[in-house]
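Spelled out, the chains give:
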Amino acid sequence: MKRNVLIVCMGVFSALFFFSCRDEVDNVYVSYGVIRNVTSKDSYEILTDKGNTLVVTRSYTSAAIEDGKRILANYEILSDRDKNKSIYEVKVNGFYYLLSKPPVSESFILADEEMRRDSIGNDPFNRVEASFGGDYINIKFNLYYSGNSDRKHMINLIYDDTRSTADTLYLTLRHNAYGEALGKTSSPLYRAWGMCSFKIADLLPEDAASMPVKLTWTQYDGNGYDAKEYYDTGTFNRGSKEEKQLARTGFDDTIEVE
């Protein structure tokens, strides 16, 4: 994930707060979704996590429109094209491309553990918030970055296929700051929000409609340099049309992170 993307994400969260304030007045909506059926910058569709098809006829964004990309969109409904089938004609005020890529399996890391685990990294986050929507887990995170470099940070979701069973799906959010972390650099560090989204429906057994999930990550403890392993839990429902927050469970204080 590029450093400038992290900087933009600070604006994203400010914008989302502004947009949420406008909801009651201007009928503005914010939804996770996937772009599809692109014919021009003002003619494409967004399939939202709630199962709605947004037929875009006006789009006020300078970003390139790419089929299959995962986005967080801000839009206004212009008309009901087919309300029974949840198809709406909309004007898009803007959207943000989300970091979205396939989860990395634990067995893949173990196949070349020394190199791959180091590359995946284990740098702490400042905060993590996760929710389920559609076939995805959507994650907001806060981390440190240096204002004096153009280094890229790497964010990955690890699927522990060596531990997961029909009872629980084990996931870990990992971060490689490439030295831009507390105690690892003399450069000034700043906080920034970022967003990522991972499709996890394919990780469930074919006959499973839902499964309990445990999401783990490493987080700074308060304002200090110490880090602990935190985790959230929740039940993921394949294709759910309702956004559902994971429950903040706590941390395991027996785990020390270098």
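Draft legend 1. Here's a closer look at unusual backbone geometry. Backbone geometry at Asn37 places phi at a positive 50 degrees, although glycine is not the residue there. Mapped onto the elements, Asn37 comes out in strand β1 (residues 28-40). Phi at Tyr178 is positive, roughly 50 degrees, even though this residue is not glycine. Mapped onto the elements, Tyr178 comes out in the loop between β10 (169-176) and β11 (189-199). Take Tyr178: its relative accessible area is 37%, and that puts it in the partly exposed class.

Draft legend 2. Looking closely at the packing of aromatic side chains. In this structure the tally under the stated criterion is 7 aromatic pairs. With 5.8 Å between their ring centres and 20 degrees between their planes, Tyr29 and Tyr75 make a pair best called stacked. Of this pair, Tyr29 sits in strand β1 while Tyr75 sits in strand β4 (residues 70-82), and the two are 46 residues apart along the sequence. Under the relative-accessibility criterion, Tyr29 is labelled partly exposed at 33%. Judged by centre distance (5.7 Å) and plane angle (65 degrees), the rings of Phe125 and Phe141 are edge-to-face. Taken together, the residues span a long stretch of sequence, with Phe125 in the loop between α3 (113-120) and β7 (127-134) and Phe141 in strand β8 (residues 136-146) at a distance of 16 residues. In terms of burial, Phe125 and Phe141 fall into one category: buried. For Arg116, the ring lying beneath its charged end belongs to Phe108, and the centroid distance is 3.8 Å. One residue, Lys214, lies across the ring of Tyr231, its end atom 4.4 Å from the ring centre.

Analysis parameters
Note on numbering: residues in each chain are counted from 1, in written sequence order. The predicted nature of this model means local features are confined to residues of pLDDT at least 70 and side-chain atom pairs, given and counted, to a pLDDT of 80 or more, with totals for whole chains, interfaces and linings taken over all residues. The side-chain numbers reported here are obtained from all heavy atoms of the structure, hydrogens and water having been left aside. Only DSSP runs of H or I covering at least 4 residues are called helices, and only runs of E covering at least 2 are called strands; the numbering of each starts at the N terminus. Using a 1.4 Å probe on the protein chains alone, a residue whose accessible area is under 20% of its type maximum counts as buried, one over 50% counts as exposed, and one in between counts as partly exposed. Whether two aromatic rings pair depends on their centres lying within 6.5 Å, for rings of Phe, Tyr and Trp, where Trp uses its six-membered ring; planes under 30 degrees apart make the pair stacked, over 60 edge-to-face, and the rest tilted. We call a charge positioned above a ring when the Lys NZ or Arg CZ atom is no farther than 6 Å from the ring centre and deviates by at most 35 degrees from the ring normal.

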